[in-house]
Amino acid sequence: MTQTSPRFPRIVVHAPALDGSRRVTDGDVILGVASHLDDVTEILRLADLDWIEVEESACVQWQGGGPDDWPGLSEHHGSPSA
């Protein structure tokens with residue numbers, strides 16, 4: 001009998017798009033699009049992955065910048081677009 005190991009998520013926070021938003025994926029599955037670090041946390045919570053420490057976990061790969069890199073969006077987070 002073969003034992004199955006628990007699935008280890010492969011979370012990738014992709015490089016910022018032209019508008020500064022970042023796609024969040026787990027393997028080939030798109031979990032959502034984030035415009036702030038809090039959005040990444042919420043996306044993972046909705047995917048039942050809230051046990052992951054977004055900024056420190058080895059299973060989160062940050063591409064094109066780290067958790068503090070949100071070009072073009074950080075100063076506008078929470079405000080409606082014009």
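Up top is the structure these notes are about.
Residues numbered from 1 in each chain as written. Predicted model: local features only at pLDDT ≥ 70, side-chain atom pairs only at ≥ 80, totals over all residues. Heavy atoms only, no water.

Novice: Can you tell me about the overall build of the chain, naming the residues and giving the values?
Specialist: Of the regular secondary structure elements, the chain holds one helix and four strands. Ordered by position from N to C terminus, the α and β elements of the chain give β-β-β-α-β. Burial statistics for the chain: of 82 residues in total, 33% are counted as buried. Sequence separation of 24 or more characterises 46% of the internal contacts of the chain that already satisfy a separation of 6 or more. (Helix = DSSP H or I, 4+ residues; strand = E, 2+ residues; numbered from the N terminus. Buried < 20%, exposed > 50% of the residue type's maximum accessible area, 1.4 Å probe, protein only. Contact = heavy atoms within 4.5 Å.)

Novice: Any details on the packing of aromatic side chains? Residues and values, ideally.
Specialist: All told, the structure shown has zero aromatic pairs when counted by the stated rule. Stacked on the ring of Trp70, the Lys or Arg Arg22 has its end atom at 5.1 Å from the ring centre. (Phe/Tyr/Trp six-rings, centres within 6.5 Å; stacked < 30°, edge-to-face > 60°. Lys NZ or Arg CZ within 6 Å of the ring centre and 35° of its normal.)

Novice: Go over the pairing of strand E3 (residues 29-34) with me, naming the residues and quoting the values.
Specialist: Where strand E2 (residues 22-26) lies against E3, five bridges are found, and the strand directions are antiparallel. Residue Arg22 lies in a different strand from E3, and its bridge partner there is Ala34. (Pairing = 2+ DSSP bridges.)

Novice: Give a description of the pairing of E2 that names residues and reports values.
Specialist: Counting buried residues along E2, four of its five residues qualify, which places the element largely inside the surrounding structure. Across three bridges, the pairing between strand E1 (residues 11-13) and E2 is antiparallel. The residue bridging Val13 from the neighbouring strand is Val24, located in E2.

Novice: Run through the environment of Asp26, naming residues and quoting values.
Specialist: Relative to the helices and strands, Asp26 resides in strand E2. In this structure Asp26 comes out as buried when scored by relative accessible area, which is 11%. Spatially, the C-alpha atom of Asp26 lies 5.1 Å from that of Arg10, the residues being 16 residues apart in sequence.

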